[in-house]
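Close look at the chain arrangement
Single-letter residue listing:
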Amino acid sequence: MTKSIVKQEKAESKPSATDAMSSWFSRTAVSVANAVQNKQVVVEKSAADLKMDEISEYINTLEMNMDKSAQGASLLVKRNIQLSQAQQEVSNSVSALGLGETDAHGALCAEFGKSTGQLSVTTNEFAERLSVQFEEPLLDFVRLIGSTKAALQRRADKRKEYVAAVTDTESK
């Protein structure tokens, strides 16, 4: 369930290709209109804007790295669960073999099956701890990065509105 939430939040935080295209078209239209009217409205970026651009670039890089880390953690948990299941199957098979043998081989197989079963339980417990202590915090961090990106996008949208308002005011 947490993976679907992460995917949903990532989808919400990333502008679609249509949004990017319409944003580009809007900026281009304003630029062309200003050029035709011989108006050069230049809204320079402040130090805060430059810092926000730097933060945005950092967040984008961090998001890519955290996505890869979260995927790796998920695969690690999945592999440990698969290993635990395989060990349990081996345990059941060897224990059944031990029941079919009546001599020392049977006792040895039964003991090996019991040990493999305990190993399976230990591996499963490790996978659960790994999920709780490693995978879930990474997924929470990915969600936090998505929220940060959404906030940065809202700021960028407000900045575009501001530039459009300044351009409109200058054209009057």
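Coordinates for the structure precede this section.
I will try to describe carefully the structure that is included in this document. (Residues numbered from 1 in each chain as written. Predicted model: local features only at pLDDT ≥ 70, side-chain atom pairs only at ≥ 80, totals over all residues. Heavy atoms only, no water.)

Remarks on the overall build of the protein
Along the protein, the regular secondary structure elements total 4 helices and 0 strands. Along the protein, helices and strands appear, N-terminal first, in the series α-α-α-α. Relative to its full complement of 172 residues, the protein shows a buried share of 24%. For the protein, the accessible surface area stands at approximately 12,100 Å², while carbon and sulfur atoms represent 60% of it. (Helix = DSSP H or I, 4+ residues; strand = E, 2+ residues; numbered from the N terminus. Buried < 20%, exposed > 50% of the residue type's maximum accessible area, 1.4 Å probe, protein only. Areas by Shrake-Rupley, 256 points an atom, 1.4 Å probe, with all protein chains shown as cover.)

Points about the pattern of salt bridges
On inspection of all chains with the given rule, the structure shows 7 salt bridges. Measuring nitrogen to oxygen at the nearest pair gives 2.6 Å for the salt bridge that ties K45 to D53. Of the charged contacts, one joins D49 and R155 as a salt bridge, the two residues approaching to 2.8 Å between their closest N and O atoms. In this pair, D49 is assigned in helix α3 (residues 47-100) and R155 in helix α4 (residues 104-171), connecting sequence segments 106 residues apart. Each member of the salt-bridge network shares a partner with another, and the members are D49, R155 and R159. (Salt bridge = Lys/Arg side-chain N within 4 Å of Asp/Glu carboxyl O.)

Observations regarding the nonpolar core
Judged by nonpolar contacts, I59, L62, M66, A70, A73, L138, L139, V142, I145 and L152 together constitute the single largest core of 10 residues. Of all elements in the fold, only α3 and α4 reach the threshold of two or more residues within this core. For M66, the contacting residues outside a window of four places in its chain are L138, F141, V142 and I145. (Core = buried A, V, L, I, M, F, W, Y, C linked by side-chain atoms within 4.5 Å. Contact = heavy atoms within 4.5 Å.)

Remarks on the environment of S91
Inspection of the secondary structure puts S91 in helix α3. Along the chain, S91 and S115 lie 24 residues apart, while their C-alpha atoms are 7.7 Å from each other. If near-sequence neighbours (up to four positions away) are discounted, S91 is found in contact with G113, T116 and G117. Within the local environment of S91, its side chain forms a polar contact with the backbone oxygen of G113, the two atoms lying 2.5 Å apart. (Polar contact = N/O pair within 3.5 Å; in protein donor to acceptor, adjacent residues only side chain to side chain.)

Looking at the packing of α3 against α4
Interaxial distance between α3 and α4 falls to 7 Å at its minimum, and their mutual angle equals 165°. Classified by the angle between their axes, α3 and α4 sit roughly antiparallel to one another. Handedness of the crossing formed by α3 with α4: left-handed. Its residues assigned to classes, the contact of α3 with α4 comprises 29 nonpolar, 20 polar and 8 charged. (Axes fitted to C-alpha atoms, helices over the stretch in contact; angles between N-to-C directions. Parallel < 35°, antiparallel > 145°, perpendicular 65-115°, else oblique. Left-handed = near helix turned anticlockwise from the far one by under 90°. Nonpolar A, V, L, I, M, F, W, Y, C, P; charged D, E, K, R; others polar.)

Such coordinate-based values are descriptive only and should not be taken to indicate function.
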